[in-house]
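Observations on chain architecture
Here's the letter readout for the chains.
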Amino acid sequence: GVKLMRVIENDMPLYRLYMLIELLFLAKIYQLLIPSKRNKTIVLCVTIFFLIWWIIELTTPQIWAFPDALRFSQGIIVLLWTGAYFLKVFKEGFVENLLRETGFWISAGLAIYFSSNSLLFLFSEFVVHLSDQSYYLIWTVHAFLTILLYIAYTIAIQCKTNHNLS
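Residues numbered from 1 in each chain as written. Predicted model: local features only at pLDDT ≥ 70, side-chain atom pairs only at ≥ 80, totals over all residues. Heavy atoms only, no water.

Some points on the packing of aromatic side chains
Inspection of every chain in the model, using the stated rule, returns eleven aromatic pairs. Look at Tyr15 and Phe66: their rings are 5.6 Å apart centre to centre, the planes differ by 25 degrees, and that puts the pair in the stacked class. Taken together, the positions of Tyr15 in helix H2 (residues 12-33) and Phe66 in the loop between helix H3 (37-58) and helix H4 (68-92) put the pair 51 residues apart, joining distant regions of the chain. A ring pair is formed by Phe86 and Phe104, whose centres lie 6.1 Å apart and whose planes are at 70 degrees; its orientation type is edge-to-face. Taken together, the residues Phe86 in helix H4 and Phe104 in helix H5 (residues 102-122) connect sequence positions 18 residues apart. Phe86 sits in the partly exposed class, given a relative accessible area of 29%. Through pairs of rings, three or more aromatic residues link up here, namely Tyr15, Tyr18, Phe66, Tyr113, Phe114 and Phe121. (Phe/Tyr/Trp six-rings, centres within 6.5 Å; stacked < 30°, edge-to-face > 60°. Helix = DSSP H or I, 4+ residues; strand = E, 2+ residues; numbered from the N terminus. Buried < 20%, exposed > 50% of the residue type's maximum accessible area, 1.4 Å probe, protein only.)

Shown next, in the form of C-alpha cells:
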C-alpha cells in the first residue's frame, strides 16, 4: 500500500472509476425500488448516457483533474432517482413503518449527501482558491455528510424489506 502511494501521485482516474461503479450500483437499486417498465427504461438510458460521457472524459487530459461537472451531473441524477422513490412511496401510501424500509434509508442518505454536496462539486475549482481555513471547513462538512451517508447505508442494511436488495 505504501509503495503504491509513492508511485501514484494523482488518484483521479480511480475516483472516476469509483463514480462509475457507484452510479451502476445505484441504478440497479433504483430499478429494484421502482419496478415499473418506464422507470427501468429511464434508468437504463440515463446510465448509458453517463457511461458514454465517462468514457469520453477518460480519453482527454481531464482524466487527471477533479471531475466536477461529471460528479455534479451524477448528483442531479441520483437526486432525481431519490425524488422518484419518495414520490412512489407517497403515492402508494401503504408503508407500515417507513423507518424499516431499506429504500427509505438509502434514498434519505443519498438525498442529504448529494443535495448538500452538489454545489461543492460544481464549484470545486472556486473552492480550491479559497483561504486554507475556508477550504478545510468546506471539506470537513463534506466529510461529515459522507459519514451520514454511510450511516444511512448501514441502517438500510439492517432493515428487513421485500425489495430483494439483501
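Don't stop here, the text continues.
Structural notes on H5
Turn by turn, an α-helix covers 3.6 residues, leaving residues three or four places apart pointing in a common direction. Between its first and last C-alpha atoms H5 spans 29 Å; for 21 residues at 1.5 Å apiece the expected length is 30 Å, and the two agree. A bend of about 30 degrees at Ser116 is the largest found in H5. Of all 21 residues that make up H5, 16 are buried, and the element is covered over most of its length. (Expected span 1.5 Å × (residues − 1). Bend = angle between axes of the 7 residues up to and from the residue.)

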